[in-house]
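One letter stands for each residue in the lines below.
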Amino acid sequence: MCETIRIRDAKEHIGQKVRLRGWLRNKRSGKNLHFLIVRDGSGELQCVAAEDSLPVETMELCDRMGIETSLEVCGELNADDRAPGGVELQVTQIDLLQLVADYPITKKEHGTEFLMENRHLWLRSSKQIAIMRVRDMVEKAWADFFYDRGFVRVDTPIFTPNAVEGTTTLFDVDYHGEKAFLSQTGQLYNEATAAALGRVYCFGPTFRAEKSKTRRHLLEFWMLEMEAVFFDHEDNMRFQEELILDTIRAVLKNCTAELEILGRDTAKLEAAKAPFPRMHYRDAVKLINDKMPGREEEFEYGSDFGAPEETFLGEQFERPVFITNFPAHTKAFYMKRDPDDPETVLASDLLGPEGYGELIGGSQREDDLEVILERVREFKLPEEAFQWYFDLRRFGSVPHSGFGIGLERTLTWLCGVPHIRETIAFPRMLHHMYP
RNA sequence: UCCGCGGUAGCUCAACUGGCAGAGCGGCUGGCUGUUAACCAGUAGGUUGGGGGUUCAAGUCCCUCCCGCGGAGCCA
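Here the structure is a predicted model, which is why all the values come from computation and not from measurement.

Student: Before we move on, can you summarise the packing of aromatic side chains with the specific residues and values?
Tutor: With the rule as written, the count across this model stands at 23 aromatic pairs. The interplanar angle of 15 degrees and the centroid separation of 5.1 Å between the aromatic rings of Tyr 189 and Trp 388 together place this pair among those described as stacked. Here Tyr 189 is found in helix α5 (residues 187-197), whereas its partner Trp 388 is found in helix α12 (residues 387-394), with 199 residues between them in sequence. A ring pair is formed by Phe 333 and Tyr 389, whose centres lie 6.0 Å apart and whose planes are at 75 degrees; its orientation type is edge-to-face. Taken as a pair, Phe 333 in the loop between β14 (321-324) and β15 (337-338) and Tyr 389 in helix α12 lie far apart in primary sequence, 56 residues in all. An identical accessibility class is assigned to Phe 333 and Tyr 389; each is buried. Pairwise contacts between aromatic rings join Phe 145, Phe 146, Phe 151, Tyr 201, Phe 231, Phe 239 and Phe 403 into one cluster. Across from the ring centre of Phe 145, 3.7 Å away, lies the NZ or CZ of Arg 149, which sits over that ring.

Student: So what's going on with the protein's contact with RNA strand B? Residues and values would help.
Tutor: Around RNA strand B sit 49 residues, and of these Asn 26, Lys 31, Lys 107, Arg 215 and Arg 409 come closest. For RNA strand B, the backbone portion of the atoms within 4 Å of the protein, that is sugar and phosphate, comes to 49%. Between Ser 29 and RNA strand B, the recorded distance is 2.5 Å, taken from a backbone N or O atom to a base nitrogen. One of the side-chain nitrogen or oxygen atoms of His 110 is found 2.5 Å away from a sugar or linking oxygen of RNA strand B. Here the surface near RNA strand B gets four residues from one element, more than from any other, and that element is strand β2 (residues 17-29). Looking at side-chain class alone, the surface near RNA strand B contains 14 nonpolar, 14 polar and 21 charged residues.

Student: Before we move on, can you summarise the environment of Leu 123 with the specific residues and values?
Tutor: Note on placement: Leu 123 falls in the loop between α3 (119-122) and α4 (126-148). On the accessibility criterion, Leu 123 (11% relative accessible area) is buried. Remark: the alpha-carbon pair of Leu 123 and Phe 426, spanning 303 residues in sequence, is separated by 9.3 Å. Apart from residues no more than four positions distant in its own chain, Leu 123 is found in contact with Gln 128, Ile 129, Met 132, Ala 425 and Phe 426.

Student: Residue-level account of the sheet that holds strand β9 (residues 172-175), with values.
Tutor: Overall, antiparallel pairing links the three strands, which are arranged β8-β10-β9 in an open sheet. The strands lining the two open edges of the sheet, one partner per strand, are β8 (159-160) and β9. For β8 and strand β10 (residues 178-182), the ladder comprises two bridges, and the chain directions are antiparallel. From the neighbouring strand, Thr 160 faces β10, where its bridge partner is Phe 181.

Student: Outline the nonpolar core, supporting the account with residue identities and numerical values.
Tutor: Nonpolar side chains tend toward joint burial in soluble globular proteins. Among the nonpolar cores identified, the biggest contains 41 residues, and Phe 146, Met 226 and Trp 413 are the most heavily contacted of them. Taken together, the elements giving at least two residues each to this core come down to α4, β11 (199-207), β12 (220-229), α6 (233-254), β18 (357-364), β19 (400-406) and α13 (407-415). When residues of this core are assigned to their parent elements, the largest contribution, eight residues, is made by α4. The contacts of Phe 146, once residues within four sequence positions are left out, are Phe 151, Tyr 201, Leu 224, Met 226, Phe 239, Leu 243 and Phe 403. The next biggest cluster of nonpolar side chains, apart from the first, holds 32 residues, and it includes Phe 305, Leu 369, Phe 386 and Tyr 389.

Student: Report on the packing of α5 against α12, specifying residues and quantitative values.
Tutor: Following both chains from N to C, one finds α5 and α12 inclined at 35 degrees, their axes separated by 10 Å at the closest point. In terms of crossing hand, the pair formed by α5 and α12 is left-handed. Across from Leu 188, Tyr 189, Glu 191 and Ala 192 in α5, the residues of α12 making contact are Trp 388, Tyr 389, Leu 392 and Arg 393. Here the contact of α5 with α12 is composed, by residue class, of six nonpolar, no polar and two charged.

Student: Quick one: what's the story with the packing of α4 against α6, residue by residue and with numbers?
Tutor: Taken N-terminus to C-terminus, the directions of α4 and α6 make an angle of 135 degrees; their axes are 9 Å apart at the nearest point. Between α4 and α6, the interaxial angle falls into the category oblique. Seen along the crossing, α4 lies across α6 with a hand that is right-handed. Between α4 and α6, the residues in contact are Val 134, Met 137, Val 138, Ala 141, Trp 142, Phe 145 and Phe 146 and Phe 239, Glu 242, Leu 243, Asp 246, Thr 247, Ala 250, Val 251 and Asn 254, respectively. For the contact of α4 with α6, the class distribution of residues is eleven nonpolar, two polar and two charged.

Student: Run through the sheet that holds β19, naming residues and quoting values.
Tutor: Adjacent strands of a sheet form backbone hydrogen bonds with each other and so pair up, either parallel or antiparallel. Spatially, β7-β11-β12-β19-β18-β17-β14-β13 is the arrangement adopted by the eight strands of the open sheet, whose pairing is mixed. Each edge of the open sheet is held by one strand with a lone partner, namely β7 (152-153) and β13 (278-280).

Basis of the calculations
- Residues numbered from 1 in each chain as written.
- Chains lettered and ligands numbered in written order.
- Predicted model: local features only at pLDDT ≥ 70, side-chain atom pairs only at ≥ 80, totals over all residues.
- Heavy atoms only, no water.
- Phe/Tyr/Trp six-rings, centres within 6.5 Å; stacked < 30°, edge-to-face > 60°.
- Helix = DSSP H or I, 4+ residues; strand = E, 2+ residues; numbered from the N terminus.
- Buried < 20%, exposed > 50% of the residue type's maximum accessible area, 1.4 Å probe, protein only.
- Lys NZ or Arg CZ within 6 Å of the ring centre and 35° of its normal.
- Near = heavy atom within 4 Å.
- Polar contact = N/O pair within 3.5 Å; in protein donor to acceptor, adjacent residues only side chain to side chain.
- Nonpolar A, V, L, I, M, F, W, Y, C, P; charged D, E, K, R; others polar.
- Contact = heavy atoms within 4.5 Å.
- Pairing = 2+ DSSP bridges.
- Core = buried A, V, L, I, M, F, W, Y, C linked by side-chain atoms within 4.5 Å.
- Axes fitted to C-alpha atoms, helices over the stretch in contact; angles between N-to-C directions.
- Left-handed = near helix turned anticlockwise from the far one by under 90°.
- Parallel < 35°, antiparallel > 145°, perpendicular 65-115°, else oblique.

As structure tokens, this is what we get:
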């Protein structure tokens, strides 16, 4: 009986007899020789089944095994330059778990529709595995980043009674006879816990019922939102910058193999250096009107940027760019007005380069009760529902800021994948909930 | 919701102005002792998304519905 190992550790066992357990990823066969590419979740390894060292039945079995056959393989690990990765296993025994002959995903190209219908199987392919690993790394990097800076993770509710930014974009559910919504942000709750703990963040799924159907949208996506007391607008942006740089650092350091599989040009990620440019909304509008190609109508001051504008702005720099000071009426009620420019708010959107769109949205929060009441009325929001929130301005209001960063958008950029749907195992999209 | 593109073999696609529905991959059979999406030969595989219409004749033209993709608005 030989030691069972995981493929990622294969190099440490060269010269030894070992057992692998996993799936047949691919097979290349000769009459007296089979190259079995076996994967076990930790990696993949070429296993060589040669006629002169195996019984006839085993060779016949190799003939019949199709892709994704589950099996256990024993043999000796050898260094060999001809093998992908430089290591291969000389097979001495194969124990079949399940023979598969008709795995639907083949080695040739497939269309999006087919792959999405087979998402549960598509996840086994190398690019998808790489993306899931990068995702895991980013989640860990974020947790470490906030922990190291004295933040406390406090998760916020998913059922919420009221809408922060208008009800049209929320999924509603029956909360035992009462109407509830699936959360769109944990921001207001973060402000409450920040007043208790100083620096907090939440991380979880968030839901948008918008009928958006683009490469940047999901109906269910994961967002990390942080809130910190005594952070002003500038502190907030510097902190976002630090988070992005740290995330890139972690991924470049720990996901080299994954980025390679994804064909990601890492120079593009390395180019993201501090400081990220800051551009006033007013200047962004001017830039769009002066330089944006193919524009026929004048972009009107006071409008919100659409996807083409965001893409254009993001492409002007090799690093992410902050757009600041949006006109107050285009942004949420809780954002603080800029004392030096009261028509605008102390908010920022961080746009990714290469046209990946908005990664982060953040702002300093309004801390004056009177002003915030005025804004709630201006936005025609139900005052009663926000009484608890107003209490935060009644009992020891302090300056504070925060932001939200979308995990899948960030991953789309880091991995350089064309569509956000690949950055989450089971994407929830417009009219798409299977599997 | 709106705009654009598409739906043909298990998969990816082809079929000029309407005129016998095809290829590659995958499957199966056979060949090959070092393959790298292995290769070579053979073979099976079809209600051309559904319904209706025009025509001697429809994958192709018209109407309609369904589904998918890309995008807009909105947003992370």
